[in-house]
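Understanding the architecture of this molecule
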Amino acid sequence: MARTSPNIIVTGTPGVGKTTHCEVLAERTGLRHLSVNQIVKDRECHEGWDEEYQSWIVDEDKLLDSIEEEVKQGGCIIDWHACDLFPRSWIDLVVVLRTDSTMLYDRLTARKYPEAKLQENLDSEIMEVLLQEARDAYDEEIVVELMSNSSDEVDGNVDRIEAWLRQWRQDNAPAT
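Residues numbered from 1 in each chain as written. Predicted model: local features only at pLDDT ≥ 70, side-chain atom pairs only at ≥ 80, totals over all residues. Heavy atoms only, no water.

Another point: the sheet that holds strand 1 (residues 8-11). Here we have five strands laid out as an open sheet, ordered 2-5-1-6-7, and parallel in their pairing. Of all strands in the sheet, those bounded by a partner on one side alone are strand 2 (32-35) and strand 7 (143-147). Taken over all neighbouring pairs, the strand axes of this sheet differ in orientation by 20° on average, direction set aside. In this structure, strand 1 lies alongside strand 5 (residues 76-79), joined through three bridges in parallel fashion. Following the sheet pairing, Val 10 is matched in strand 5 by Asp 79. Sitting on the sheet, helix 3 (residues 60-73) touches strand 2 and strand 5, and the angle it makes with strand 2 is about 155°. Across the face of the sheet, helix 7 (residues 151-171) comes into contact with strand 1, strand 6 (93-98) and strand 7 while running at roughly 155° to strand 7. (Pairing = 2+ DSSP bridges. Helix = DSSP H or I, 4+ residues; strand = E, 2+ residues; numbered from the N terminus. Axes fitted to C-alpha atoms, helices over the stretch in contact; angles between N-to-C directions. Contact = heavy atoms within 4.5 Å.)

Here is the structure:
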């Protein structure tokens, strides 16, 4: 059965604005925001807590099993810092958010990230690690890189994704 709504991943280094984008998109489009961090915690899709990084150790198999039925129905916006574990068949658009490293440093410092986690995430952003993972895991034409330095950029990005969604729905409308 074909989906009547697409699935979108919004990914990027922690602090680039994924959750903000997803919340606005869900509000404007009616798509369901799946916050992987929240799902991992609420549905216990983890193997325990990492003290050094102050985060859950995700059990990827349990996570995928937990969300599979929801995602197969379509209409999901998946919010997480990684994207390459989600099967290609589930995903219609991958949005990789990026931000200036100075701004990212300020955002992660405000979140009180431990030094090792802060440095790892800054290095990841500077080296474009998540962008490359997305490009390696999915077809080039569904991966979009967007800047997320300001609220104006967030608004513009959401407008752009909404336009993509309208086109997807038009292109995938059932034949009459």
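Let's pick the thread back up.
Before going further, it helps to examine the nonpolar core. Ranked by size, the top nonpolar core spans 27 residues in total, and within it Leu 63, Ile 78, Phe 86, Ile 91, Val 94, Tyr 138 and Val 143 carry the most contacts. Of all the secondary structure elements, the ones that give two or more residues to this core are helix 2 (36-42), helix 3, strand 5, strand 6 and helix 6 (129-137). Broken down by element, this core gets its largest block of residues, four residues, from helix 3. If near-sequence neighbours (up to four positions away) are discounted, Leu 63 is found in contact with Val 36, Ile 39, Val 40, Cys 45, Val 58, Trp 80 and Leu 85. (Core = buried A, V, L, I, M, F, W, Y, C linked by side-chain atoms within 4.5 Å. Buried < 20%, exposed > 50% of the residue type's maximum accessible area, 1.4 Å probe, protein only.)

Turning next to the packing of aromatic side chains. Counted by the stated rule, this structure contains two aromatic pairs. On the basis of an interplanar angle of 80° and a centroid distance of 5.0 Å, the ring pair of Trp 49 and Trp 56 is categorised as edge-to-face. Of the residues examined, Trp 49 reaches a relative accessible area of 37% and is grouped as partly exposed. Residue classification places Trp 56 among the partly exposed positions, given a relative accessible area of 32%. Look at Trp 80 and Phe 86: their rings are 6.5 Å apart centre to centre, the planes differ by 75°, and that puts the pair in the edge-to-face class. Using a relative accessible area of 4% as the deciding quantity, one classes Trp 80 as buried. Classification of Phe 86 as buried rests on a relative accessible area of 2%. Note that Lys 117 overlies the ring of Tyr 113, its terminal NZ or CZ placed 4.4 Å from the centroid. (Phe/Tyr/Trp six-rings, centres within 6.5 Å; stacked < 30°, edge-to-face > 60°. Lys NZ or Arg CZ within 6 Å of the ring centre and 35° of its normal.)

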